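Understanding the architecture of this molecule
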Amino acid sequence: MIARNEKLKKETLQEAIEITGSEAMVRSLVAEGVDTIFGYPGGAIMPAYDALYNYGHAIRHVLVRHEQGAVHAAQGYARVSGKVGVCFATSGPGATNLITGIADAMIDSTPLVCITGQVTSGLLGTDAFQESDVIGISMPVTKWNFQVTSADEIPGAIAKAFYIASTGRPGPVLLDITKDAQFGKFMFSYEKCTKIRSYVPEFPTDKKMLVKAAELINKAQKPYLLYGQGILLSGAENELQHFIEKTGIPAAATLLGISALKNDHPLHMGMLGMHGNYAPNIKTNECDVLIAIGMRFDDRVTGSIQTYAKQAKVIHIEIDPAEIDKNIKTEVAILGDAKHTLRLLMKLVEERQHTEWVNEFRDAYKKEEIKVIEKDLHPDKPGLTMGEVVRMSTDLTQNRAVIVTDVGQNQMAAARYARFDQTRSWVTSGGLGTMGFGLPAAVGAKIGAPEKEVILFAGDGGLQMTVQELGTISQENLPVKIVVLNNNFLGMVRQWQELFFEKRYSFTEITSPDFVKLAGAYDIPAATVSDRAALEGEMKKMIEAKGPYLLEVKIEKEDNIFPMVPAGGSVSKCLLGTDEL
């Protein structure tokens, strides 16, 4: 298949031939190296699917059960593979069903090319059957969108789409292609896009700012480094590790920065944020120089910006100029790709150790370990905890599995207790926090990294939002391992109701189906476990299964996620339990 793809790519880039717009779509995707499309056919995209019928040797199409599943699967694929994810949908409701996933990809900087069919150009604006203004609807949540109404526009539009989606700060692009453009014929040739006038994906690095940053770092007594997904997107994992090892600076990850640095690295201090580790949160307001790389100072990281790192000189390394000084004012701003910038900065910083400062983090960690971690991993109550389930899964896979999550308590437990030895091993919905993300994202993750074990952690609420994608897993026989953490509640909302609304559990208790029977309906083996003594055996059975497997784990109903920085609170007031409220 690889050899045939290369031959087709070569032919596409060299020859001019008369073909339909729909075949041009497929040939253009092959020229861009696309090997997988996630999609759902319909009337307005039917010509493209007809063309795809002849190219099954070149591109794998994964039939999802809902268009939202297609875009989330494309996200999962992109996040683990480093490639651009691609999805197809038809017009009208097919196109609008993509919007949640596109918005999710936009805020989480995930490179996607989404292609929707559209009614014929002569019917545009007439409220024709299954017509929707997807260009207008998607404009706020795409990096670029474009409506194609003529066949000869298709190659250039696709070339631009891949260039824009994958360069600079990555993001989703949408192409809306009318049905007559798909049927029309023209002389096709393909040229990859390498430049667009007025589009500047990366700004030249300001050497003066580099020098100024190095001076601050070299003089700092309590420097602290925060890293986000920008490290992963730029492939700067090695540069990050070498930088902190040379400077001796303790580092912590944002939710989306997880897996960029191994958990057992001595300078890795854990995760930032509302449910992050205690030390990374409280030390933010004690450092003298704060270095932020490839992260955007989201409110879940900063808490109250009025009290955030006021004592520190902030250095922000970021590829997107819109993020500079948006939330947190900087002393030094360096625009540029993280990998390139770290390489330049490395030459200017001195070799140092900050042993006493690092030990302060470790002392704070011990406090969290005693009050929170030990209780989560080695509970003294009969009910299972989310933390112990997550940790057991990564122990059994030697910290090498790709961990995918849905959103809520399951997500925070996985972020806290999963362990990672390999980069691009963490897939979750960060900025938008999309319930239902997990199951289809796990589909894409497994296809994007077929050699890796993929384990999904989902809550009983979030799983049911896209539960139909069990059909995709079954049809494709994808060996995705699904762990349903079932507490019969919408857990994170229930936790807030317990802590801040006097335990008034308003519409958060949820009745779920028999997940074992439901999986069985899709011919997916499944089991349920509620007893600690049986947990390890059931998890081993799941991991050793050759195909897909669902394990329902019945957990403590009122198990909470701590530490916690209350919304809008100071990171200095990171709570370790309900007794501190």
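Procedures and definitions
Residues numbered from 1 in each chain as written. Predicted model: local features only at pLDDT ≥ 70, side-chain atom pairs only at ≥ 80, totals over all residues. Heavy atoms only, no water. Patch = residues over 30% accessible without salt bridge, like charges linked within 9 Å, V, L, I, M, F, W, Y side chains within 5 Å. Areas by Shrake-Rupley, 256 points an atom, 1.4 Å probe, with all protein chains shown as cover. Salt bridge = Lys/Arg side-chain N within 4 Å of Asp/Glu carboxyl O. Helix = DSSP H or I, 4+ residues; strand = E, 2+ residues; numbered from the N terminus. Buried < 20%, exposed > 50% of the residue type's maximum accessible area, 1.4 Å probe, protein only. Phe/Tyr/Trp six-rings, centres within 6.5 Å; stacked < 30°, edge-to-face > 60°. Contact = heavy atoms within 4.5 Å. Expected span 1.5 Å × (residues − 1). Arc of directions from axis to C-beta. 1 Å grid on protein atoms, 1.4 Å probe; cavity = no way out; pocket = protein on both sides within 12 Å on 5 of 7 lines; lining within 4 Å. Points joined across faces, edges and corners; volume = space filled by probe spheres on them. Nonpolar A, V, L, I, M, F, W, Y, C, P; charged D, E, K, R; others polar. Pairing = 2+ DSSP bridges. Axes fitted to C-alpha atoms, helices over the stretch in contact; angles between N-to-C directions. Parallel < 35°, antiparallel > 145°, perpendicular 65-115°, else oblique. Left-handed = near helix turned anticlockwise from the far one by under 90°.

**Some remarks on a nonpolar patch on the surface**
A surface patch of nonpolar side chains, amounting to about 300 Å² of accessible area, comprises Phe500, Phe501 and Leu581. Position of Phe500 among the secondary structure elements: in helix α22 (residues 491-500). A relative accessible area of 33% means that Phe500 is categorised as partly exposed.

**Thoughts on the packing of aromatic side chains**
Given two aromatic rings, their pairing is described by the distance between the two centres and the angle made by the two planes. Within the structure shown, the criterion is met by eleven aromatic pairs. Pairing Phe38 with Tyr77 gives two aromatic rings, centres 6.0 Å apart and planes at 65°, and the pair type is edge-to-face. Placement of the pair is Phe38 in strand β2 (residues 36-39) and Tyr77 in helix α4 (residues 67-81), with a sequence separation of 39 residues. Just as Phe38 is buried, Tyr77 falls in that class too. With a centroid separation of 5.6 Å and 70° between ring planes, the pair formed by Trp496 and Phe500 is classed as edge-to-face.

**Observations regarding the environment of Val301**
On the secondary structure map, Val301 appears in helix α14 (residues 299-302). Sequence separation of Val301 and Met271 is 30 residues, and the distance between their C-alpha atoms is 9.6 Å. Filtering out sequence-adjacent residues up to four positions away, Val301 remains in contact with Thr254, Leu272, Gly273, Met295, Tyr308 and Val571.

**Some points on helix α24 (residues 532-544)**
An ideal rise of 1.5 Å per residue puts 18 Å on 13 residues; α24 measures up with 19 Å between its terminal C-alpha atoms. Every buried residue of α24 is accounted for by Leu535, Met539, Met542 and Ile543. Down the axis, α24 shows its buried residues gathered within 90° of arc, on one side only. In α24, those exposed residues whose orientation departs by more than 90 degrees from the buried face are Ala533 and Glu544.

**Looking at the layout of surface pockets**
In this structure, the second largest pocket occupies an estimated 480 Å³ of space. What lines the second largest pocket is a set of 27 residues, among which Asn263, His268, Met269, Gly270 and Arg419 lie closest to the centre. At the level of elements, β11 (268-271), α16 (355-377) and α18 (409-417) are the ones that each hand at least two residues to the lining of the second largest pocket. Along the lines of polarity and charge, the residues of the lining of the second largest pocket split into 15 nonpolar, seven polar and five charged.

**Considerations on unusual backbone geometry**
Of all residues except glycine, most have a negative phi; of all peptide bonds, most are trans. The step from Phe562 to Pro563 runs through a cis peptide bond, and the omega angle for that step is 0°. A positive phi angle, close to 60°, is found at Asp523, a residue other than glycine. Assignment of secondary structure puts Asp523 in the loop between α23 (515-521) and β19 (526-529).

**Some words on the sheet that holds strand β7 (residues 172-178)**
Read across the sheet, six strands follow the order β3-β2-β4-β5-β7-β6 without closing on themselves; strand pairing throughout is parallel. Both outer strands of the open sheet, β3 (60-63) and β6 (144-148), are each paired with one neighbouring strand and no more. Neighbour-to-neighbour, the strand axes of this sheet turn through a mean angle of 20°, independent of strand direction. Relative to strand β5 (residues 112-118), strand β4 (residues 85-89) runs parallel, the two sharing five bridges. The residue bridging Val86 from the neighbouring strand is Val113, located in β5.

**Quick look at the sheet that holds strand β12 (residues 289-293)**
Here six strands make up an open sheet; going across it, the order is β11-β10-β9-β12-β13-β14 and the pairing parallel. Pairing within the sheet leaves two strands with one partner each, and these edge strands are β11 and β14 (332-335). Ignoring which end each strand starts from, the neighbouring axes of this sheet average 15° apart. Strand direction decides the pairing type here: strand β9 (residues 223-227) and strand β10 (residues 251-253), joined by three bridges, are parallel. By the bridge assignment for β10, Leu226 is matched with Ala252.

**Considerations on the environment of Met564**
Topologically, Met564 is positioned in the segment after β20 (549-554). Each C-alpha atom, one on Met564 and one on Leu575, is 5.1 Å from the other, the two residues being eleven residues apart in sequence. Those residues within four positions of Met564 in sequence are excluded, and the remaining contacts are Met274, His275, Gln495, Trp496, Leu499, Phe500, Lys573, Cys574 and Leu575.

**Points about the packing of helix α17 (residues 386-396) against α24**
Think of two packed helices as two axes; the pair is described by the angle between the axes and how far apart they sit. Close contact between α17 and α24 brings their axes to 10 Å; oriented N to C, the two are set at 45°. Our classification of the angle between α17 and α24 gives oblique. As for the relative orientation of α17 and α24, their crossing is right-handed in sense. On α24, the residues touching Glu388, Val389, Met392, Ser393 and Leu396 of α17 are Arg532, Leu535, Glu536, Met539, Lys540 and Ile543. Grouping the amino acids of the contact of α17 with α24 by side-chain chemistry returns six nonpolar, one polar and four charged.

**Things to note about α17**
Buried residues dominate α17, accounting for eight of its eleven residues. Count one or two residues on from α17 and you reach Gln398, which has phi positive near 55°.

**A word on the pattern of salt bridges**
Scanning the entire structure with this criterion turns up 21 salt bridges. Notably, a salt bridge pairs Glu360 with Lys283, separated by 3.1 Å at the nearest N-O pair. With a gap of 77 residues between them, Glu360 in helix α16 and Lys283 in the loop between α13 (278-282) and β12 connect regions that are remote in the sequence. Linking Glu388 and Arg532 is a salt bridge whose minimum nitrogen-to-oxygen distance equals 2.8 Å. Of the two residues, Glu388 is situated in helix α17 and Arg532 in helix α24; the sequence distance between them amounts to 144 residues. For Glu388, a relative accessible area of 9% gives the class buried. Overlapping salt bridges bring together Arg169, Asp320, Glu323 and Lys326 as one network.

**Side note on the environment of Gly101**
Tracing the chain through its elements places Gly101 in helix α6 (residues 99-107). Distance in space between the C-alpha atoms of Gly101 and Ile315 is 32 Å, their sequence separation being 214 residues. Leave out the neighbours within four places in its chain, and Gly101 touches Val71, His72 and Gln75.

**What about empty space enclosed by the protein?**
This model, assessed by the stated rule, comprises one cavity of 30 Å³ or more. A volume near 80 Å³ is recorded for the largest cavity. Lining the largest cavity, in full, are Arg79, Gln229, Leu232, Leu256, Arg424, Ser425, Trp426 and Val427. Listing elements by their share of the lining of the largest cavity, those giving two or more residues are α11 (229-234) and β16 (426-427). When grouped by side-chain class, the residues that make up the lining of the largest cavity number four nonpolar, two polar and two charged.

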